[in-house]
Amino acid sequence: MAYVLRRLAISIGLIWTVATLIFLVLRMIPGDPAELLLSSGGVAPDPAQVLELRERLGLEAPLLQQYASFIGQLLRLDLGTSLTDDYPVMDEIAKRLPRTIELILAATILAVAIGMPLGVVAALRRGSGMDRTLSAVASFNQSLPVFVTGTLLILVFAQQLRWVPAGGYVAFAQDPARHLTNLLMPAVTIAIGLSTVVFRMTRASVLETLDRDWVRTARAKGLASRHVVRRHVLRNSLGPVVTVIGLQMGTLLGGTVLVEYVFNWPGLSGYLVRAVEQRNYPEVQGIVLVICALFVFLNLVVDLLYAVLDPRVRHG
Amino acid sequence: MTNDTRNAAALSRRGFIGAGAAAAFAATSVAERASAQGRDRLVFALSSYPPSLRPWANTGTAAGTAKCQFLRGLLSYGPKGEIRGELAESWRSDGPTTWTLRLREGVRFHDGEALTPDAVRRSFELMQDEKSTASLRGAFGALIDRIEAPDARSVRFQLKKPSATFVYMLASWHAPMISPKSNEANPVGAGPYRIVDVERGTRIDFDAFDGYWNKGLPKTRKLRMAAYADENLRVAALDAGDVDIIEYVPWQSYESIERNAKLAMDIVDGPFMYLNFNCAQGPFTNAKLRQAVAYAIRREDVVKAAFFGRGSAMNGLPFPKGSEFRDEATANHWRTDLDLARKLLAEGGQPSGFSCKLLSTAQYGMHKDTAEVVQQSLAAIGIRVELVLPDWATRVAVGNRGQYDFGVMGSAGDFNDPDSMAQFLDGSQTPNYTRSHGYNNPKVNELFEQGRAELDVAKRKAIYREMEKLALEDAALVGVAWRSQAYAMRKPLSGFANLPGFLSFYSGLTLENVSMG
């Protein structure tokens, strides 16, 4: 319990640090949101109009006052409103975050379904033709940038075969089948790279476990090979794999930008990029903080899962 | 061990087969859906999701295209770019400072409110309100003295000074009328469509407004505007049949679309690329050096590199082709002439060249590619150019503050009239990243003022000839290339028109004429 509380306190401190850093960094980089908003279309913004807009948006107040107001809002779990159309940032994140999480989960399930069994197979047949082939394919997949994979998938499955739409998003409630088909290609695109990571990690971890004395002992006492692999090897090998998957999922929270862009998937990453382009301070702050909080949360979950999978951590 | 391996492999195979079956099922479902997508809904792919749908703020082309579906002004443009009556059926000048507009009978907003002279006056008052974000706030404020209502269907604008461009301002998509029962934050318009659903950041769904003044329009009952920020995906979505029309067709895709029997394109030369300079400090305070740059650029290479050959060299000021104000001789003033460029460098006190920084942006390929060709062109006469390529937001901030030597810009005039060049050349206006920093030629400013106040076309032509001569000497706006601007659409579709010249961006106005069959 004390461990969990300590971890929580560290997490809150981390989130506060990130909030302060993002607040400062945004105000240090060039580009004024009011000026940018009023300069759209190449028109000359009236300085008085820029000043009025800055005042309305609270950007004219002293930095400390802005910071205090920002932290005050955070404590009330209020992320503010968009500078462009006053839309509540929390509402937009609440809409987009599930889409990104859905994309990441779908990709992870695919990646695990592909990478883990193949990793086990490669480890059990270490040095065989299949092992070498799988490793070569994994290297190839890892070297493929997602925008190349994504574009190729669009070309083949949307433009040539016309099996799926080229991109876009339809809410599940509106049309479940269309929703899932829209999800398929971006999820596969991420899964191709992610499955390589899962494959490599599983293979390495299983290989390491196979060399352990207790595996030899299990075999020596006559346990069936299937039983040894499932109950002894796999269970002891999955800890590092789960850790890596958790970290990868955390990274993907802010790292699905290209896939969301290529497939027009309206998730959190795309929202962040647009917010940065527009210097939309409340949006950038809100998204970064939510990603940070989720990352911290995921790390906690991974630690707990690790403890569940490996009793030594629980008792250690 | 072998058994386990087999088992694991079998599991994997099952996974693959399952996933494949699911994909095939889903794909079939979508294929059926795509072919069944009714012809009663037009899907337009925007190049970005509108940052805001506030009626009078200028938040870019995508926002303008979406806004003009549900908001309309007193005047607008027809398919050939001609000014046409919109909520007003006619307009006339009753003297140099008086414009009277006759409102159409029975025009109603989407909430059922009638368009009256009072409603018109209220919209203009809101636009000029000190807290308004209207892009024309300053322009209308400087021009309109008062708005009168001579009768129940007429509106009379008394101006503070004569204006030949007032009608263009009324036709701007940044000057729509809103219902007297709505406000800037939640506007209700009188356009051909009304908004029925919005998925912020993704799409806007419209339904035809049955009370639209132009009976029989819009021809397609439902309209969806979906944002496709990736230009290649826009083309792929059109090809795959996900959307019916796309804007900002990327130049590299022109050829494949032209070869595709199912697709059509409507192309005009509208926007343009140009160079602006820091005339307040640095090497380009010297007009001779600006002229040297103007004569050294290989404009055809810019057209090839940045626009895949889809455009043309712009050797002078941005008088659009076909404009009655364009003079072909002066339009080709800055033809590439390296000897003359070197001579001008010497006259400018820099015979062996100099070093300078060129501001552009890496965010847009056409800006970056143009900058690279300019850099290479100038190396031939000894000007060593360092490229500065920040993101767009930084480029705007740096440009507005004049923190650059010279810069690449792309733009278009607000309307097809030489006065639209004032934003690039009139130094009496607020400093802006689109205009050379510190450039202020009082004679040029005065000529723009005269041209604006003169209603006689022949006299206006003479005024702009003189302005052009001075501006070419000053070389504060150096034309580089006209770029083609295209919309692409699926073949059965008809009625859409790409408006000529600078008005290309207003082409969304013609969506009301589009039929799918």
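Residues numbered from 1 in each chain as written. Chains lettered and ligands numbered in written order. Predicted model: local features only at pLDDT ≥ 70, side-chain atom pairs only at ≥ 80, totals over all residues. Heavy atoms only, no water.

### Examining the overall build of chain B
Operational definition: Strands here mean DSSP runs of E at least two residues long; helices mean DSSP runs of H or I at least four residues long; both are numbered from the N terminus. In this setup the radius of gyration rests on C-alpha atoms only. A globule is expected at 2.2 Å times the number of residues raised to 0.38. Residue burial is assigned from relative accessible area. The probe radius is 1.4 Å, only protein chains are included, and a residue is buried under 20% of its type maximum, exposed over 50%, and partly exposed in between. We call two residues in contact whenever any of their non-hydrogen atoms come within 4.5 Å of each other. Throughout, the Shrake-Rupley method with a 1.4 Å probe supplies accessible areas, and for residues the shown protein chains are the sole cover considered. Here Asp and Glu are counted as negative and Lys and Arg as positive; His is not counted, and neither are the chain ends. A charged residue contributes its charge at one atom only: NZ of Lys, CZ of Arg, CG of Asp or CD of Glu.
Helix and strand counts for chain B come out as 16 helices and 17 strands. The C-alpha atoms of chain B give a radius of gyration of 26 Å, which matches the 24 Å a tight globule of 517 residues would have. For chain B, buried positions account for 59% of its 517 residues. Taking the contacts inside chain B whose residues are at least 6 apart along the sequence as the reference set, 69% of them involve residues at least 24 apart. A total accessible area of about 18900 Å² is found for chain B, and carbon and sulfur atoms account for 50% of it. Distance from the positive charge centre (63 side chains) to the negative charge centre (59 side chains) of chain B: 3 Å.

### Comments concerning the confidence of the model for chain B
Residue and element names in this part refer to chain B. Short version of the rule: Here pLDDT means the predictor's own confidence in every residue, given as a number from 0 to 100.
Summarising the model, chain B shows a mean pLDDT of 90, and 92% of its residues fall at 70 or more. When mean pLDDT is taken per element in chain B, helix 8 (residues 287–296) scores highest with 98 and helix 1 (residues 2–36) scores lowest with 41. Under a pLDDT of 50 for its full length, residues 1–37 has, in the predicted model, 36 contacts with residues more than four places off or in other chains. The complex model carries a pTM of 0.85, and its ipTM stands at 0.79.

### A look at the environment of Glu386 of chain B
Take Glu386 of chain B: it is sitting in strand 15 (residues 384–388). Between the C-alpha atom of Glu386 of chain B and that of Gln375 of chain B, which follows or precedes it by eleven residues, the distance is 7.6 Å.

### What to know about the interface of chain B and chain A
Operational definition: Salt bridges are counted wherever a side-chain nitrogen of Lys or Arg sits within 4 Å of a carboxyl oxygen of Asp or Glu. Pairing of N or O atoms within 3.5 Å defines a polar contact, subject to two protein rules: one partner must be a possible hydrogen donor and the other a possible acceptor, and residues neighboring in sequence count only if both atoms are side-chain atoms. Just so you know the grouping, Ala, Val, Leu, Ile, Met, Phe, Trp, Tyr, Cys and Pro go in nonpolar, Asp, Glu, Lys and Arg go in charged, and all remaining residues, Gly too, go in polar.
Contact with chain B, which involves 59 residues of that partner, is made by 65 residues of chain A. Between chain B and chain A we count nine salt bridges in total. One salt bridge in this structure joins Glu199 of chain B and Arg99 of chain A, with 2.3 Å as the shortest N-O distance. Joining chain B to chain A, the criterion identifies 19 residue pairs in polar contact (both at pLDDT 80 or more). Every element with two or more residues in the side of chain B that touches chain A is listed here: helix 1, strand 10 (222–227), helix 6 (231–240) and helix 13 (392–401) of chain B. Here the side of chain B that touches chain A gets 14 residues from one element, more than from any other, and that element is helix 1 of chain B. Here the side of chain B that touches chain A is built from residues that sort into 23 nonpolar, 20 polar and 16 charged.

### Examining the packing of helix 9 (residues 299–307) of chain B against helix 12 (residues 365–379) of chain B
How two helices pack is summed up by the angle between their axes together with the distance between the axes. All names here are of chain B. Here is the rule we go by: For helices, the fitted axis covers only the stretch in contact; all axes are lines through C-alpha atoms, and the angles between them, taken along N-to-C directions, range from 0 to 180 degrees. Left-handed describes a crossing whose near helix is turned anticlockwise from the far helix through less than a right angle; right-handed describes the clockwise counterpart.
At a minimum axis distance of 9 Å, the contact between helix 9 and helix 12 shows a crossing angle of 145°. Between helix 9 and helix 12 the crossing geometry is right-handed. Seen from helix 9, the contacting residues are Asp301, Val302, Ala305, Ala306 and Phe307; seen from helix 12, they are Met366, Asp369, Thr370 and Val373. Split by residue class, the contact of helix 9 with helix 12 holds six nonpolar, one polar and two charged.

### With respect to the sheet that holds strand 7 (residues 154–159) of chain B
Residue and element names in this part refer to chain B. Note the cut-off: By the convention used here, strands pair only if DSSP detects at least 2 bridges between them.
Pairing is antiparallel across the open sheet formed by four strands, whose spatial order is 4-5-7-6. Of all strands in the sheet, those bounded by a partner on one side alone are strand 4 (88–93) and strand 6 (144–148). Direction aside, neighbouring strands of the sheet carry axes that sit 20° apart on average. By the bridge criterion, five bridges tie strand 4 to strand 5 (residues 98–103) in an arrangement that is antiparallel. For Trp91, the partnering residue across the bridge sits in strand 5 and is Leu101. Sheet contacts for helix 3 (residues 117–127): strand 5, strand 6 and strand 7; angle to strand 7, the most-contacted strand, approximately 35°.

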